[in-house]
Each structure stands twice: as structure tokens, then as C-alpha cells.
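Structural overview for review
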Amino acid sequence: MVRGRLRIYLGAAPGVGKTYAMLEEGQRLASAGADVVVGFVEPHGRRPTAALAEGLEIISRRPMEYRGASFTEMDLDGVLARQPQVTLVDELAHTNVPGSRHAKRWQDVEEVLDAGIDVVTTLNVQHLESLGDVVRQITGVPQRETLPDEVARRADQIELVDLPPELLRRRMLHGEIYPSDRIEAALTHYFRVGNLTALRELALLWLADRVEEGLQRYRAEHGITTPWETRERIMVALTGGPEGETLIRRSTRISARVPGSELLALHVVPSDGLTHGDPATLAAQRALVESLGGSYHQTTGDDIPEALLQFAEAENVTQIVLGASRRGRLSTFLRGGVGHRTIRRSGPIDVLVITHEHAAGSTSPLRLPHPSRATGPRRFWTAMLLAAITLPGLTALLVLLGEHVDLSLALVLYLLAVVVVALVGGLVPALVAALAAGLLADYYFTPPMHSLRVQHLADVIALVVYVVTAVIVGMAAGAAARSTYQAVRASAEARALSRLATAMMHGQDLPTLLEQVREDFGLEAVSLLERDTGHAAEPRWYIVASTGEDPPERPYDADVDSPVGDDLTLAARGRPLSSDDQRVLGACAAQLGMAYSHGRLAAHDAETGLRAEAEHTRASLLLTASRDLRGPLRTADEALDGLGVGTDTRESRNLATARSSVRRAVQLLSDLDELSRLHAGALDLYLRPVDLDELLTAVLDDLGPGGHTIQCSLPELLPDVIADAAVLTRVLTALAAEAQRHSPPDRPARLTGKTRAGQVEIYMTDGTNDEVQGAEHDTHPSRTPDSLTLRMCRDLTETMGGTLETAAVVPGFAVTLTLPAAASRRPITPAAPSPAEGQ
């Protein structure tokens, strides 16, 4: 039987419209003549979604009993018995009630597909098993219902149902997703803008990877090896040399110019397993690539251009970045550089050759090569001494043998001596020994004897061939010795770094890791030091962790130190280390620095989690208290209104004070709700030029009759401000009410304004300090609000792009509200410098 086809509507979060899209597809298929049934749909009380299911045949759900409660699940047997062409099944990752045939709904769907029935279903990206830990880090909510990624990967079609976070939150506010009692908690927790944006990105990236897999599968099935430039993939080839960092940064800049491009780094390892690059340098370059958003890869091959191009074709690379050759001109002429051979074979792939300071010819002086790093200076001079002793001794022996020795025998014995010297000291001693042996053979064994002149042409040819052969044999022997040394050295370095990395993975503490480093390098004491940045004049260091006797307390007290960063270094006391040992110690120091940073981050995350949990608890308690208090306060307000006005003056004052206090408490609860909505990101703003003259009229109306006088004084030429009119009215009304509450009966509150540096400054005072009401207002601001109302006003003002400051030197109430000014200026009719009585 042919297996049914699976179509998934994928969403980033609940409420984006997956079920609606599934039902729309079902209606479309039904109108086209397909036999469509609804196996399971959960509209979650959304009327438009439920209405869309009308007209489709619905398979009745199967009732289930579990622990005394009643549930319903999809009737799998009913769907299989009905045998439709298409079945609509909602919530693919759902966990079935215990006692069902399968534990998960996706297993029910698999059985339906095996029966040859097509399935259209829905899925949220947070339910994919591979993304569970990422989603928990983003939202703080663990996902108990998960779906193996392989199930979704096998789908014949996946369609993304997308909705911008702002629109999704607006739907939430309008009650289109959750009931009203869950809206506030959802907006402040799971449905924050950052959470929704991150989930949306996860869904897009996961779906993009599935599209890429499909493209690669299609190319492989059809034998397509030429790259398709669906998006730029830039590959940088790394040799492990010092030029790698330059190439990586240059490739990153090239990639940054092309949106959606991908950066890959490739290092080709010879098939014998002996890397030509410096392991520590490659590790640093790998970290650099990954920190810049690229990916690091290794492949094996003796023909480097062929290995590069095979990888490029497999990964659909469009550009290859190579460094200019570090080899000399003669070597490049004899064999051809990697860049030249790669360009010849690249076909449609672009190859960029980047010059760098380490390229051949970048240093002009011609100098003799240094002693081989593989053999080291000690073996170099040992080989030179061996040549100085062996060649004269061998010559003396051959001279004593006299007529029994001819030129051919002498050259063979000299060649053996050259090979021994090459094995001990490498190439340079072998070259010196070969030339010296050629001169000795010419002087003692080539007619005319005891002269550097050569009488016969055959002898000239023999000497030349000997010197060339000796040089070639010496080079081969030196290369073999160098490779052997490098292999042993690389193996030791790899073991040391691997042991350290393994210990870090097992959670070993810093002293244990330092002890391992001390043992590996045979040191007396090792300490990890951190600088106290609070003492810039004289840096102070303190020991983070140490091991051994008398560990160094400062970097300059150590025999060797390896900086990890500006403020962290690894200091050691003991034997002197070679340059290679110091390089490996630097790699170990970098790993120790990462272990230390990881430990600090883990501790900080734990502390931040505790603080966030405490803040969440505090916010929840405040919101609960505000909801619980609103009803009693409203009842108290109505009861006080029902008491009327007493005949006793004292009683009337007490009654008025009680009414004022209750209404202020109600206003404080309203401010608390406003702050909660603002911090939850549920406040929609419409910023535009606002006429302050018209706005003040609305403010005075909102204040209502009674209370103290407010004097408004604005200059004739005052630009509009850029703000949300409703929000700014709310802020000014709250500030005016606070000013009225603080102002004495004989000193009315005042509102003044002025323009300064493209901004409009509005001053609200209680009238107790006339100098603050003047033109300059040069007070020392305090950005710490001293009441909930001021906190709300400040947050609302900053949301509109302005600032709100309180004057700390004023004993009463004084605030400065600053907002951006609109571009055009306008003449205004003054509100009247005289008091606005009754407001």
C-alpha cells in the first residue's frame, strides 16, 4: 500500500493561525472534490476557527477516563475504518491520555499514513525535541510534549505560518488567543517580544535547514556537482600558518557584504595524519571563525587543491579564499602553487588569492635558514660537530688505505656519512657535509692529487652527481627526521591538551587543572592571576587558583607567564621553557581562561536566576494585590459617596479626606496596572506632532472640578512635541494632580515651558519655589522617582523618547519633562498667564 502524504503547518508560537490554515486547506481540498474528514481539531474557543470547520465531516472523539476525570482523544479506529483521502489532525506533538493505543499523537498519525491516508497537521517549533533546551533558555518554560525531529523531517511538505510578534501580542490583548484571565500573565512571561522574536527566528532557521537538505538531496539524486548560487557560501582555506587570521577576517568582511551568506573554514590534513599546521594556531583560528559566525571543518587529502574543490562541490561553495603562497619562486615554478592549481581546476567556483605579510617575497633580505625547528639548535650543532669529526677521520682512513681506494668507493662512503649527519641535524648540516665531502674527494682522490683541479671529464661528472645526490638524500633524510619529530611533538601536545579538555568536561576545579598543567610541563608552581582593575595607577593582582610550592603572586615574579586576556594571566615558576613549550602553555592558558570564565558565568547565571525569580514573585504579588484591592476600594468609595455631606465642619473635612485617600489609592492601583502593561510591552504608541495648547485643555478637563489652582505659562512661539497624545495627556494629568496635592492653598501649582536645543522642556511645580519656575531652572536633577506615580510618568515619558527628572534641591514638588520638538514652529494663543481657576 502506498503511504499517505504528510503536510505540516509549522508555527513559532500559539495563536499564529496554524489550525486556521489547516482548516482552510481542508475546505479547499473538499471544494476540489477530495474526501476530507476532521480527525481532531482544537479551536481553543476561537469562534472564527470553529466556524471554519463547519461543512467538514468530523469523526467523533473517543471518550477516555483517567484518574476519575473524563477526556477525549482522536478516534484512531474510526478514522481508519472511514478510510478518507485526507484527515485533518491538530497538535501533532500532543501526548495522549494513558490507556490510548499510542503514547503520542504523532504515532497515531504514523498509523494513519501507513494506511495510505494523507494527513494535514499542525506543530509549534518549541515542541521539536532538538530545540527543547534552547526554547527553555529563551522562555524559561520546559517543554513536556516533544516530537522527534525525524518525524517532522519525513514530512512531504512543511509550510510556515508566520505572524510578527507585535501583531501576535495585539491578538492576545484582544482576547483572540487566551481567555481574559490568562492574558496578563502570558504577555509578561511567554509572549514577551524578545521571546516571540527568538522563537520566530528558530522556526525560520529550522525550516531553512530543511529546505537546504531538500536541495542537497535533489542535487545528489541528479548528479549535479556544479554549485548553485542559491546563496553565497564563502570558504577560506587554512594551512595553520600565521596568515590564517588575516584570511579569516578578510573572508568575514567579504561575507558581510552579501546578506544571507555563509562562511566556512577548511583545513586539509595529509592522509598520514601529520598536520602541517601549528595545532595551537589552528585552534585559535577555529575559535576566531566560530566567534565570527562561521563554521570550521577538516578534511583529509594529499592533493590539497583536489581536497579543497571536492569539499567545495559537496557544500555548494561559490567562492574560495586562499592566501598568497609562502613558498619561494623556485618551488612554485617547479610544482606550481596551491592557488594556481586550484584556479585551473575550479571551474565555475570563484577563487580569491589574498596577499598577506607572510607571503613569499614580503621580506626582502636574503638570509640562511635557521636551524630546523624539528631538530632544534642542540641537534643542529651536534650534527655539525659530527660532520667536522667524521669527514676528516674518514678521509684519513681512506688515505691510509692508499691504492685500495678509488674515487667511487670514497664517494659512496662520504655519502653514507652525509646521510648520518642529515638524520641527526637535518637539512643544513647535510648540505654543509655534502659540499665538504665533495671538496675532500676532489683533493685526495681525484687526479691530479692534492689539488682542486680535475683532470678528467668523467671525474667532474662523478663529483657533480655525488654532490647532487648527497643534497637530495640529505633533504629526504632531514625531512624524514623533521616529520618524525613533528609527529612525536604533535602527539605529546595533543595528549596534553586532550587531558586538560577532558578534565574540564568532567567538571574538575581550577586547582586540579593547574596541577595537571604543572605535571605536564615539569614546573614547580603554577598560578592563575587576575588583575584588580580598580587600581589603574598600580595594578594589583590576586591569585584565582594555584598549585605547587610558593606559587607566583604577580606576573613579573614568574619565570614564564602566558597572558589569557587583559586582566588574566597564567604564571609559572620552574625550568625555562622552549618556544614550542611556551606556545602549548599558551593554549593551555586559553583553556584555563575559558574554564574560569565559564565558572563565573555559571555563578552569575545562578544569581541572575534567583534575582529574576524574586522579581517575578514580587511582580506577581503586586498584580494580585492590585486586583484584590480594587474591588474593596471601589466599594469604600461608593459607601463614602453615599454618606453625603455632614453638618459638622470637622466631620465634613474628615469625610472629604477619606474620599481623597480612597481615590488616591484607586489611582495608585491604576498606575501600578499601567506600569505592568508598559513593562510587558503591551502599550501601543502612536508618535506624532502634538499641540501642547490643545493637550492642556484635555489635561484640565481630566483633572475635574475642585482642588487647587494651576497657572499655565507658555511662550508664544512653542513647537509641537513628538509624542503619543493619549499617553502624554495621562502623564501631564498625573503630574498636575501630584503638584496640586503638594501645593499649599496660597501658592498655586504652576506649569511653564521653554525650548532648548531642539527639545521642549515642561516644568511642573507646586509653587513653593519661585526660582524653579523661572527661565533657567538650573537645578540638580535626581533620576530616582519618589512615588509610584512619578515612576509611571517617567517610564511612559522614556517610552516616547523623552526624559522626566525631579529637582532634588526643591523641598516641595518640581519635575522637568523633556520631549523632542517637532520640526516646524507655530504661533500659539496663550492659555492665559492668569490662573485657570477651578481646575
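From a predicted model like this one, the values you see are computed outputs, not experimental measurements. (Residues numbered from 1 in each chain as written. Predicted model: local features only at pLDDT ≥ 70, side-chain atom pairs only at ≥ 80, totals over all residues. Heavy atoms only, no water.)

**Describing empty space enclosed by the protein**
Cut-off, in case you're wondering: Cavities and pockets are found on a 1 Å grid laid over the protein atoms alone: a cavity is a set of points where a 1.4 Å probe fits but cannot escape, a pocket is an open set with protein on both sides within 12 Å along at least five of seven lines, and a lining residue has an atom within 4 Å of such a point. Grid points are joined across faces, edges and corners, and a volume is the space filled by probe spheres set on the points. What counts as a helix is a DSSP run of H or I of at least four residues, what counts as a strand is a run of E of at least two, and both are numbered from the N terminus.
Under the defined criterion, the tally for this structure stands at four cavities of 30 Å³ or more. Each pocket or cavity is described by its volume, and for the largest cavity that value is around 60 Å³. Around the largest cavity sit Ala12, Ala13, Val16, Val161, Asp162, Leu163, Pro165, Leu168, Leu196 and Arg200, which together line it. Secondary-structure elements contributing two or more residues to the lining of the largest cavity are helix H7 (165–173) and helix H9 (193–221).

**Topic: the packing of helix H10 (residues 244–256) against helix H11 (residues 279–291)**
Test applied: For helices, the fitted line uses only the C-alpha atoms of the stretch in contact; every axis is such a line through C-alpha atoms, and the angle between N-to-C directions lies from 0 to 180 degrees. Oblique is the label for any angle not under 35 degrees, not over 145, and not in the 65 to 115 range, which are roughly parallel, roughly antiparallel and roughly perpendicular in turn. We call two residues in contact when some of their heavy atoms are within 4.5 Å.
Taken N-terminus to C-terminus, the directions of H10 and H11 make an angle of 10 degrees; their axes are 10 Å apart at the nearest point. Between H10 and H11, the crossing angle belongs to the class labelled roughly parallel. Contacts between H10 and H11 involve Gly244, Glu245, Ile248 and Arg249 from the first element and Gln285, Leu288 and Val289 from the second.

**Some remarks on the environment of Pro748**
Residue placement: Pro748 occurs in the loop between helix H23 (725–742) and strand E21 (749–756). Along the chain, Pro748 and Gln711 lie 37 residues apart, while their C-alpha atoms are 6.8 Å from each other. Once residues lying within four places of it in the same chain are set aside, the contact partners of Pro748 are Thr709, Gln711, Asp766 and Gly767.

**Here we look at the pairing of strand E14 (residues 523–532)**
As a reminder, the rule being used: Only protein chains enter the accessibility calculation, which uses a 1.4 Å probe; a residue whose area is less than 20% of its type maximum is buried, one above 50% is exposed, and one in between is partly exposed. Paired strands, as defined in this entry, are two strands with at least two bridges between them according to DSSP.
In terms of burial, E14 is a largely internal element, seven of the 10 residues being buried. Sheet analysis places E14 next to strand E15 (residues 540–548), joined by eight bridges and oriented antiparallel. Following the sheet pairing, Arg531 is matched in E15 by Trp541.

**Overview of the sheet that holds E14**
Within the open sheet, the four strands sit side by side as E15-E14-E17-E16. Their pairing is antiparallel. The open sheet has two free edges, formed respectively by E15 and strand E16 (560–563), since each of these has just one partner strand. Pairwise comparison of adjacent strand axes, ignoring direction, gives a mean angle of 25 degrees for this sheet. As paired strands, E14 and strand E17 (residues 568–574) are joined by seven bridges and run antiparallel to one another. From the neighbouring strand, Leu529 faces E17, where its bridge partner is Thr569.

**Here we look at the pattern of salt bridges**
Where we set the bar: Whenever a carboxyl oxygen of Asp or Glu lies within 4 Å of a side-chain nitrogen of Lys or Arg, that contact is scored as a salt bridge.
Summed over all chains, the structure comprises 27 salt bridges. Put simply, Arg101 and Asp77 hold a salt bridge, and the shortest N to O gap is 2.0 Å. Of this pair, Arg101 sits in the loop between strand E6 (86–89) and helix H4 (105–114) while Asp77 sits in helix H3 (residues 76–82); the two residues are 24 residues apart in sequence, bridging distant segments of the chain. Classification of Arg101 by relative accessible area gives partly exposed; the value is 43%. For Asp77, a relative accessible area of 45% translates into the label partly exposed. Across the pair Glu111 and Arg101 runs a salt bridge, and its minimum N-O distance is 2.6 Å. Highlighted residues: Glu111 in helix H4 and Arg101 in the loop between E6 and H4, separated in sequence by 10 residues. Within the structure, one salt-bridge network assembled from shared partners comprises Arg3, Glu110, Asp114 and Arg154.

**Side note on the side chain of Arg518**
Threshold: Within 3.5 Å is the distance limit for a polar contact, defined as a pair of N or O atoms, with the added protein rule that one can donate a hydrogen and the other accept it, and that residues adjacent in sequence qualify only through two side-chain atoms.
Here Arg518 lies in helix H19 (residues 510–521). At 3.0 Å, the side chain of Arg518 and the backbone oxygen of Leu523 are in polar contact. Setting aside residues no more than four positions away along its own chain, Arg518 makes contact with Leu523, Glu524, Ala525, Val526, Thr547 and Gly548.

**Thoughts on the sheet that holds strand E12 (residues 319–323)**
By definition, the strands of a sheet pair up through backbone hydrogen bonds, in either a parallel or an antiparallel sense. Pairing is parallel across the open sheet formed by five strands, whose spatial order is E11-E10-E9-E12-E13. Looking at strand neighbours, the two that pair on one side only are strand E11 (295–300) and strand E13 (350–354), the edges of this open sheet. Neighbour-to-neighbour, the strand axes of the sheet open up by a mean angle of 25 degrees, direction not taken into account. Across six bridges, strand E9 (residues 233–238) lies against strand E10 (residues 262–269) in parallel orientation. Within the sheet, the bridge partner assigned to Met235 lies in E10 and is Leu264.

**Details of the side chain of Gln126**
With respect to the helices and strands, Gln126 occurs in the loop between strand E7 (118–124) and helix H5 (132–139). Taking the relative accessible area as the measure of exposure, Gln126 reaches 3% and is therefore buried. With residues up to four places along the chain from it excluded, the contact list for Gln126 reads Ala12, Ala13, Pro14, Val135, Gln143 and Tyr190.

**Observations concerning helix H24 (residues 788–799)**
Going by this rule: Between the first and last residue of a helix there are one fewer steps than residues, each counted as 1.5 Å, and that sum is the expected span.
Here H24 is 12 residues long and its end C-alpha atoms lie 17 Å apart, about the 16 Å a rise of 1.5 Å per residue gives. Those residues of H24 not exposed but buried are Thr789, Leu790, Met792, Cys793, Arg794, Asp795, Leu796 and Thr797. Phi turns positive one or two residues past the end of H24, at Gly801, with a value near 90 degrees.

**With respect to H11**
For H11, spanning 13 residues, the distance from its first C-alpha to its last is 18 Å, which sits close to the expected 18 Å at 1.5 Å a residue. Taken together, the buried positions of H11 are Ala280, Leu282, Gln285, Leu288 and Val289. Downstream of H11 by one or two residues, Gly293 has phi in the positive range, about 90 degrees.

**Comments concerning the pairing of E12**
Counting buried positions along E12 gives four out of five residues, so the element sits mostly inside the fold. Pairing of E9 with E12 involves three bridges; the strand directions are parallel. Residue pairing for E12: Ile234 is matched across the bridge by Gln319. As paired strands, E12 and E13 are joined by five bridges and run parallel to one another. Within E13, the residue paired with Val321 across the bridge is Leu352.

**Notes on the environment of Pro551**
As for its position among the elements, Pro551 is in the loop between E15 and E16. For Pro551, a relative accessible area of 19% corresponds to the buried category. With 24 residues separating them in the primary sequence, Pro551 and Ser527 have C-alpha atoms 5.9 Å apart. Apart from the residues within four sequence positions on either side, Pro551 is in contact with Ala525, Val526, Ser527, Ser546 and Arg573.

**Structural notes on the nonpolar core**
Rules: Residues grouped as a nonpolar core are buried Ala, Val, Leu, Ile, Met, Phe, Trp, Tyr and Cys residues, joined through side-chain atoms within 4.5 Å.
Among the nonpolar cores identified, the biggest contains 62 residues, and Leu88, Leu123, Leu128, Leu147, Leu168, Met172 and Phe191 are the most heavily contacted of them. The dominant element in this core, judged by the number of residues it contributes, is H9, at five residues. Apart from residues no more than four positions distant in its own chain, Leu123 is found in contact with Ile8, Tyr9, Leu10, Gly11, Lys18, Ala93, Leu128, Leu147 and Ala152. Ranked by size, the runner-up nonpolar core spans 37 residues in total, among them Val699, Cys712, Val727 and Ala734.

**Some words on unusual backbone geometry**
Positioned with a positive phi, Arg67 is a non-glycine residue whose angle comes to about 55 degrees. Along the chain, Arg67 falls in the loop between strand E4 (62–66) and strand E5 (69–73). The phi angle at Asp550 is positive, at roughly 55 degrees, despite the residue not being glycine. Structurally, Asp550 is set in the loop between E15 and E16.

**Let's talk about the packing of aromatic side chains**
What counts is decided by this rule: In this scheme Phe, Tyr and Trp rings, the latter by its six-membered ring, pair at centre separations within 6.5 Å, and the angle between planes marks the pair as stacked below 30 degrees, edge-to-face above 60, and tilted otherwise. When the NZ atom of lysine or the CZ atom of arginine is within 6 Å of a ring's centre and also within 35 degrees of its normal, the charge is said to sit over that ring.
In this structure the tally under the stated criterion is one aromatic pair. Taking the centre distance of 5.0 Å and the plane angle of 75 degrees together, the rings of Tyr443 and Tyr444 count as edge-to-face. Above the plane of the ring of Phe40 lies Arg61, whose end atom (NZ or CZ) is 4.0 Å from the centre. One residue, Arg105, lies across the ring of Phe40, its end atom 3.8 Å from the ring centre.

**With respect to the confidence of the model for the protein chain**
For any part of a model where pLDDT is low, the fine detail of the predicted coordinates should not be relied upon. Note the cut-off: pLDDT runs from 0 to 100 and stands for how confident the predictor is about each residue.
In this model, the protein chain carries a mean pLDDT of 77, and residues with pLDDT of at least 70 account for 78%. Across residues 330–335 the pLDDT falls below 50, and counting only partners more than four positions away or on other chains, this stretch makes six contacts in the model. Taken as a whole, residues 360–374 scores under 50 in pLDDT and shows 13 contacts with residues more than four places along the chain or in a different chain.

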